[in-house]
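# Observations on the three-dimensional arrangement
Given next are the chains, with one letter for each unit.
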Amino acid sequence: MDRRGFLKTLAAALAAGSARVIAVEFDPFPPAPRLGKPLSPVGERSRFEAHVRRYISPNLPSLHTGAAFAPISELDGIIHPGGLHFERDHAGVPEIDPKKWRLVIHGLVERPLIFDLETLMRMPTESRIYFIECAGNGQNGYREPPEPTLTATRSRGLVSGAEWTGVPLRILLEEAGLKPEARWVIAEGADASAWVRSIPIDKALADVLVAFRQNGEALRPENGYPVRLVVPGWEGSIQVKWLRRILISDQPAMSKGETSEYTDVRPDGTVDAFTWVMEPQSIITRPSGGQRIELGFHEIRGLAWSGFGRIARVEVSTDGGRTWQAARLSEPVLDRALTRFTFPWRWDGKETVIQSRAIDEKGNVQPTREEFFRRWARNNRYHYNAIQAWRIRSDGGVENGDPPLAGTRLPPLAAGGCGGEVLDG
Amino acid sequence: MVRVLPLLVLVALALAFAERLGLGRELTPEELRAYDVTPVVLPDGRGLPEGEGDYATGFEIYAFECASCHGPNGEGAPFDRLVAAEPFSPELPPHRFAIGNYWPYATTLFDYIYRAMPFQEPHRLSADEVYALVAYLLVENGIVPEDFVASRETLPKVRMPARERLRIDPLTRELYPWVELP
């Protein structure tokens, strides 16, 4: 565009409302005139990136139980850096000396066994890229009317992707020798709450990892250092961090984390236990709530994932849901991993609503808000996976574009799952 | 029985083809007992230690150990509500979910308090103290009479109102047909 054309566009934009086109300012940007910093044993982020941080609600009653959201509004990629992987603790982060760490397997086994970290690390390993998602992800979507200042991070930042390396749980169970009546793996963490969850034995034998590496390095303390379970595609709270014990049982524990929490309410008032699989999700991270865009070209970017398998398709609408087009999926598209999608788009300066929906390889489709609330009660707390819409205002500002639900008003929600901190306004 | 078959086959296969690496060390029963400091309590009562406690004792312990977080009468704030003020319904806001209208098993109360409470300093209360707290909370929620004594024998028999509404998620039923709720 020449100078005159640009001025014309600018004038038109100013006349139309307030969307802006900002020209790139000329700056010579010369190479460094002197030596830079020396070699460093551990790399740090650029100081100019210090604002990219996990989001922690200012309204938490305690910073020892709650969730820190991965800043997905400001990240691209299917692997999250260790320090920005989302965090959910139930009783703080324990400090565990790896020399003192032990794992015990007992109960309905031929031989109760104890392992130290060195022994665990001698065993056969696998590395897999998976997403981990808190069942409370999306909980801000239960607000009615929708919260206008929602960001992508606060909408769906309780998910992260990482490469996890560890010993298949199956191998450890074979070492101990399962008795025929073994039905459940009850895993216990070494945090102050000694967090307990029950996993059916067939899932444990299929693909659960006893992980000691996160993106190639030791787990971050807040992600279970030194050892955690990775239970692919299932809710995060069952992927027990700081693993210390595995009890093989013929019954599930019905622990607090699988009864009073992490159970789901249906519209008829029945409560579902064992809602394990994370259903398909997608979210546009750019442009998204709280950002501001200019006229012209934008690559719409986002993430999609499903606990059922690979993402088959992501569709994007830039006209308030009237028409939908296929987004490009960025390779690699992996089983139960975050998948990036992109969609080229020119914004004409008119107010509109953009949104994405994911379809997985099993044919599961991400629902609209209306569809979601036909399946789940309005006072449910978990597994919110409805489409997130973003409204682009005529001034280029982006805000929550979710449609209010028709009919009754939801009673005010003062607390929700994950200790209530996810509903954080 | 037919629905349980695929699982049994899987477990049998795992047993049959397992070639042990010979890693890890076998535990003696004494070592195992020392490691089991936070016993996993199952709904049928397995895992519950010896001991007992009643409402009056629990009332004292509650005031001292619990009320600052859960309210003088279990009404919640800053942390979870413990005493239900009304029955459950799909209109009830989540901050009013409590033991009397949402917790399906009384055994979970013992398990959780013994392993995780008090929040600042867990694994400190004795089994008797935890039984007393469970008795206090069950009485306050109107589930058992005031003379109830909580113990290994009595807790598995308590029927919680929320158990009637609990079911297995339909998807889980499809994927794991053998799974049953205790």
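Just so we're clear, the structure is a prediction, and the values are computed from it rather than from any experiment.

Conventions adopted
- Residues numbered from 1 in each chain as written.
- Chains lettered and ligands numbered in written order.
- Predicted model: local features only at pLDDT ≥ 70, side-chain atom pairs only at ≥ 80, totals over all residues.
- Heavy atoms only, no water.
- Helix = DSSP H or I, 4+ residues; strand = E, 2+ residues; numbered from the N terminus.
- Buried < 20%, exposed > 50% of the residue type's maximum accessible area, 1.4 Å probe, protein only.
- Contact = heavy atoms within 4.5 Å.
- Areas by Shrake-Rupley, 256 points an atom, 1.4 Å probe, with all protein chains shown as cover.
- Rg over C-alpha atoms; globule rule 2.2 N^0.38 Å.
- Lys, Arg positive; Asp, Glu negative; His and termini not counted.
- Charge placed at Lys NZ, Arg CZ, Asp CG, Glu CD.
- Phe/Tyr/Trp six-rings, centres within 6.5 Å; stacked < 30°, edge-to-face > 60°.
- Lys NZ or Arg CZ within 6 Å of the ring centre and 35° of its normal.
- Core = buried A, V, L, I, M, F, W, Y, C linked by side-chain atoms within 4.5 Å.
- Domains from an automatic or database assignment.
- Arc of directions from axis to C-beta.
- Buried area = accessible area lost by both parts, 1.4 Å probe.
- Salt bridge = Lys/Arg side-chain N within 4 Å of Asp/Glu carboxyl O.
- Pairing = 2+ DSSP bridges.
- Axes fitted to C-alpha atoms, helices over the stretch in contact; angles between N-to-C directions.
- Parallel < 35°, antiparallel > 145°, perpendicular 65-115°, else oblique.
- Left-handed = near helix turned anticlockwise from the far one by under 90°.
- Polar contact = N/O pair within 3.5 Å; in protein donor to acceptor, adjacent residues only side chain to side chain.

Let us now look at the overall build of chain B. Looking only at helices and strands, one finds eight helices and four strands in chain B. Oriented by its inertia axes, the alpha-carbon framework of chain B measures out at about 55 × 45 × 30 Å. Out of the 182 residues belonging to chain B, those deemed buried represent 51%. Pairs at least 24 apart in sequence give 55% of the contacts found in chain B among residues at least 6 apart. Accessible area for chain B stands at about 9200 Å²; split by element, carbon and sulfur atoms hold 56% of it.

In this section: the overall build of chain A. Helix and strand counts for chain A come out as six helices and 24 strands. Relative to the compact-globule value of 22 Å for 425 residues, chain A shows a C-alpha radius of gyration of 23 Å, a close match. Taking the principal axes of the C-alpha coordinates as reference, chain A spans close to 80 × 65 × 40 Å. Here the analysis covers contacts within chain A between residues at least 6 apart in sequence; of these, 73% occur between residues at least 24 apart. Of the accessible surface of chain A, which amounts to about 17400 Å², a share of 52% is contributed by carbon and sulfur atoms. For chain A, the centre of its 54 positive side-chain charges and the centre of its 53 negative side-chain charges are spaced 3 Å apart.

A word on the packing of aromatic side chains. A full pass over the atoms with the stated rule returns 26 aromatic pairs over all chains. Both rings, one in B:F88 and one in B:F97, keep their centres 5.2 Å apart while their planes meet at 65°; by these two values the pair is edge-to-face. Through successive ring pairs, a cluster of aromatic residues spans A:W184, A:W234, A:F274, A:W276, B:Y176 and B:W178. One Lys or Arg, A:R244, reaches over the ring of B:Y35 and ends 4.1 Å from the middle of that ring. When the ring centre of B:Y102 is taken as reference, the NZ or CZ atom of A:R381 above it lies at 5.2 Å.

Below, the discussion takes up the nonpolar core. Looking at soluble globular proteins, one finds that nonpolar side chains tend to be buried together. Residue and element names in this part refer to chain A. Among the nonpolar cores identified, the biggest contains 64 residues, and L120, L172, L173 and I248 are the most heavily contacted of them. Sort the elements by how many residues they give to this core and helix α4 (residues 169-176) lands first, with five residues. Residue contributions to this core reach at least three from each of two domains, namely domain 1 (87-269) and domain 2 (281-400). When residues no more than four places from it in sequence are discounted, the contact partners of L172 are L103, I105, F115, L120, M123, V167 and V210. Counting 42 residues, the second-largest nonpolar core is a separate cluster that includes A19, A70, V159 and V230.

Turning next to helix α3 (residues 55-65) of chain B. All names here are of chain B. Those residues of α3 not exposed but buried are Y55, G58, I61, Y62 and E65. Buried residues of α3 fall within an arc of 120° about the axis and therefore sit on the same side. Of the exposed residues in α3, the ones pointing more than 90 degrees away from its buried face are A56, E60, A63 and F64.

Here we take up α4(A). Residues and elements named next belong to chain A. Within α4, seven of the eight residues are buried, which leaves it mostly tucked inside the rest of the structure. Within the span of α4, buried status applies to L169, I171, L172, L173, E174, E175 and A176. Downstream of α4 by one or two residues, G177 has phi in the positive range, about 80°.

Time to look at the interface of chain A and chain B. Across the contact, 80 residues belong to chain A and 67 residues belong to chain B. For the pairing of chain A and chain B, the buried interface totals around 6100 Å² over both sides, and the portion due to carbon and sulfur atoms is 66%. Taken as a group, A:E175, A:K256 and A:N379 account for 10% of the area that chain A buries against chain B, more than any other trio of residues on that side. On the surface where chain A and chain B come into contact, there are five salt bridges.

So, on to the sheet that holds strand β20 (residues 328-330) of chain A. Residue and element names in this part refer to chain A. Reading across the sheet, the four strands line up as β16-β17-β21-β20 and stay open at both edges, with antiparallel pairing between neighbours. Every other strand in the sheet has two partners, leaving β16 (281-286) and β20 as the edge strands with one partner each. Pairs of neighbouring strands in the sheet enclose a mean axial angle of 30°, with direction left out of account. Pairing geometry for β20 and strand β21 (residues 339-347), over three bridges, is antiparallel. Residue pairing across strands places R328 opposite T342, the latter belonging to β21.

Our focus in this paragraph is the sheet that holds strand β23 (residues 389-392) of chain A. Where strands meet in a sheet, backbone hydrogen bonds hold them as pairs that are either parallel or antiparallel. Residues and elements named next belong to chain A. Strand order across the open sheet formed by five strands is β19-β18-β22-β23-β24, with antiparallel pairing between neighbours. With partners counted over all chains shown, the strands left at the sheet margins are β19 (325-326) and β24 (398-400), one partner each. Sheet topology places strand β18 (residues 311-317) next to β19; two bridges connect them, and they run antiparallel. Pairing of V316 across the sheet is with Q325, part of β19.

This part is about the domain arrangement of chain A. Residue and element names in this part refer to chain A. Splitting chain A by domain gives domain 1 (87-269) and domain 2 (281-400). Between domain 1 and domain 2, the C-alpha centre-to-centre distance is 28 Å. Tallying the contact residues gives 37 residues for domain 1 and 37 residues for domain 2. Contact between domain 1 and domain 2 buries roughly 3000 Å² in total, counting both sides, with carbon and sulfur atoms accounting for 52%. Counting the surface domain 1 buries against domain 2, the share from its top three residues, F131, Y142 and R156, is 24%. Along the contact surface separating domain 1 from domain 2 lie two salt bridges.

All names here are of chain B. Contact pair helix α6 (residues 106-116) / helix α7 (residues 127-140): the axes reach a minimum separation of 10 Å and the direction vectors enclose 135°. The angle between α6 and α7 falls in the class oblique. Here α6 and α7 pass one another in a crossing that is right-handed. Here A106, L109, F110, I113 and Y114 of α6 come into contact with α7, specifically with A127, V130, Y131, L133, V134, L137 and L138.

This part covers the environment of A:S306. Residues and elements named next belong to chain A. Relative to the elements of secondary structure, S306 occurs in the loop between β17 (296-305) and β18. Taking the C-alpha atoms as reference, S306 lies 9.9 Å from E133; in sequence the two are 173 residues apart. Sequence-distant contacts of S306, defined by excluding residues within four places in its chain, comprise F131, M278, P280, I311, R336 and D360. Among the polar contacts listed, one links the side chain of S306 to the backbone nitrogen of F308, at a separation of 3.1 Å.

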